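What follows is each chain in one-letter form.
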Amino acid sequence: MTNDRTGETADAAGERPDPAEPAAARSRAGRNVPVSIAVGVVLGAAVLVSLLTVRQIFVGVVAVAVAVGTYELAGALKRASDIRVTVWPVLVGGQAMVWLSWPFERNGLLAGFVLTVLACMVWRFAGGIDGYLRDLSASVLTAAYVPLLASFAAMLVVPEDGVARVLCFLILVVCSDTGGFITGVFLGKHPMAKVISPKKSWEGFAGSMVVGVVAGILSVTLLLDGQWWQGALFGAALVCTATIGDLVESLIKRDLKIKDMGQLLPGHGGVMDRLDSLLPAAVISWLLLRLFVPH
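Residues numbered from 1 in each chain as written. Predicted model: local features only at pLDDT ≥ 70, side-chain atom pairs only at ≥ 80, totals over all residues. Heavy atoms only, no water.

A. A look at the environment of Val-68. As for its position among the elements, Val-68 is in helix H2 (residues 57-81). Residue Val-68 is classed as partly exposed on the basis of its relative accessible area, which comes to 26%. In sequence terms Val-68 and Gly-270 are 202 residues apart; their C-alpha atoms lie 8.7 Å from each other. Not counting residues up to four positions away in its chain, the partners in contact with Val-68 are Leu-264 and Val-271. (Helix = DSSP H or I, 4+ residues; strand = E, 2+ residues; numbered from the N terminus. Buried < 20%, exposed > 50% of the residue type's maximum accessible area, 1.4 Å probe, protein only. Contact = heavy atoms within 4.5 Å.)

Dropping the structure here:
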């Protein structure tokens, strides 16, 4: 998800909305809200179709998002700081991680990640000595941040009840985002992390937590036959994790002095601007649901 939630009023680079954009189309979030909602609905519909038809298609959806997100992050690093990610090894290795996680789960994911790191080490030889450590570090970070974390979302769908697990994960992130946005816009007064993301407020976080816990209880008990307290813990954990994911991407963008990772999605920015909270939340979802509802 993007950094435009929990009552934020400026983008990640501290820039104000484009004055040429119609004022009626903007909100205190700094985005064109109707366009943003429309794009979100289309993306959500695509995910639901994949889950409710042939659930393996969801792995393909994750793979496409990983490829685009990886390309966006690598491009942003190159444009802003001339950091050269070894794009091809990370792209190919990222696909290997996602697809190997379907039949082999953790073993396949680990093998794909390790081979990707080794490939990045060798591929960067061609660039010479200057900047080797910098570029290699960025390549490993990109491989870990995007495909490695996203593969946990793919692993959620592996069990027989995988569709329900993925729905719990997505419902929680969406509810956290929506609750925080609405509460923050109307009640947000106290910044949570003023330097990193000045638009994020403690009131918005509280709204995310309340809505997230309620959604966690309902989703885990109704979709997975879990206990209410498991749902409450699941909801609270995902709200915290999603918020951390937002802040991490905001910090990266501030460091690079850019507004968005890309421009592919109108009203949102790039794919990475949609993945920021989903990536770490996927890991926590997989861990907690595996613990609470073994398969």
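B. Here's a closer look at the packing of helix H7 (residues 228-256) against helix H9 (residues 278-292). One can describe the packing of H7 onto H9 by two numbers: an axis separation of 8 Å at closest approach and a directional angle of 165°. When the axis of H7 is compared with that of H9, the two are roughly antiparallel. For H7 against H9, the interelement crossing comes out right-handed. Contacts between H7 and H9 pair Trp-229, Gln-230, Leu-233, Phe-234, Ala-237, Leu-238, Thr-241 and Gly-245 from the former with Pro-280, Ala-281, Ile-284, Ser-285, Leu-288, Leu-289 and Phe-292 from the latter. (Axes fitted to C-alpha atoms, helices over the stretch in contact; angles between N-to-C directions. Parallel < 35°, antiparallel > 145°, perpendicular 65-115°, else oblique. Left-handed = near helix turned anticlockwise from the far one by under 90°.)

C. Seen up close, the nonpolar core. Counting residues in hydrophobic clusters, the biggest one holds 64 residues, and the most contacted among them are Leu-51, Phe-169 and Phe-234. Here this core gets 12 residues from one element, more than from any other, and that element is helix H4 (residues 132-156). Each residue touching Phe-169, except ones within four places of it in the same chain, is listed here: Ala-153, Leu-156, Phe-234, Leu-238, Leu-278, Ala-281, Ala-282 and Ser-285. By size, the runner-up hydrophobic cluster in this structure holds five residues, among which are Met-192, Ala-193, Phe-205 and Val-239. (Core = buried A, V, L, I, M, F, W, Y, C linked by side-chain atoms within 4.5 Å.)

D. Up close: a nonpolar patch on the surface. On the surface, a nonpolar cluster with roughly 670 Å² of combined accessible area is contributed by Leu-110, Val-114, Leu-115, Leu-118, Met-121, Val-122 and Phe-125. Checked against the element boundaries, Met-121 lands in helix H3 (residues 87-123). (Patch = residues over 30% accessible without salt bridge, like charges linked within 9 Å, V, L, I, M, F, W, Y side chains within 5 Å. Areas by Shrake-Rupley, 256 points an atom, 1.4 Å probe, with all protein chains shown as cover. Salt bridge = Lys/Arg side-chain N within 4 Å of Asp/Glu carboxyl O.)

E. Quick peek at the layout of surface pockets. Taken as a whole, the second largest pocket holds about 180 Å³ of empty space. Surrounding the second largest pocket, Leu-73, Leu-77, Ile-83, Arg-134, Ser-137, Ala-138, Leu-141, Tyr-145, Leu-251, Ile-252, Asp-255 and Leu-256 form its lining. Sorting elements by how many residues they give to the lining of the second largest pocket places H4 first, with five residues. For the lining of the second largest pocket, the class distribution of residues is nine nonpolar, one polar and two charged. (1 Å grid on protein atoms, 1.4 Å probe; cavity = no way out; pocket = protein on both sides within 12 Å on 5 of 7 lines; lining within 4 Å. Points joined across faces, edges and corners; volume = space filled by probe spheres on them. Nonpolar A, V, L, I, M, F, W, Y, C, P; charged D, E, K, R; others polar.)

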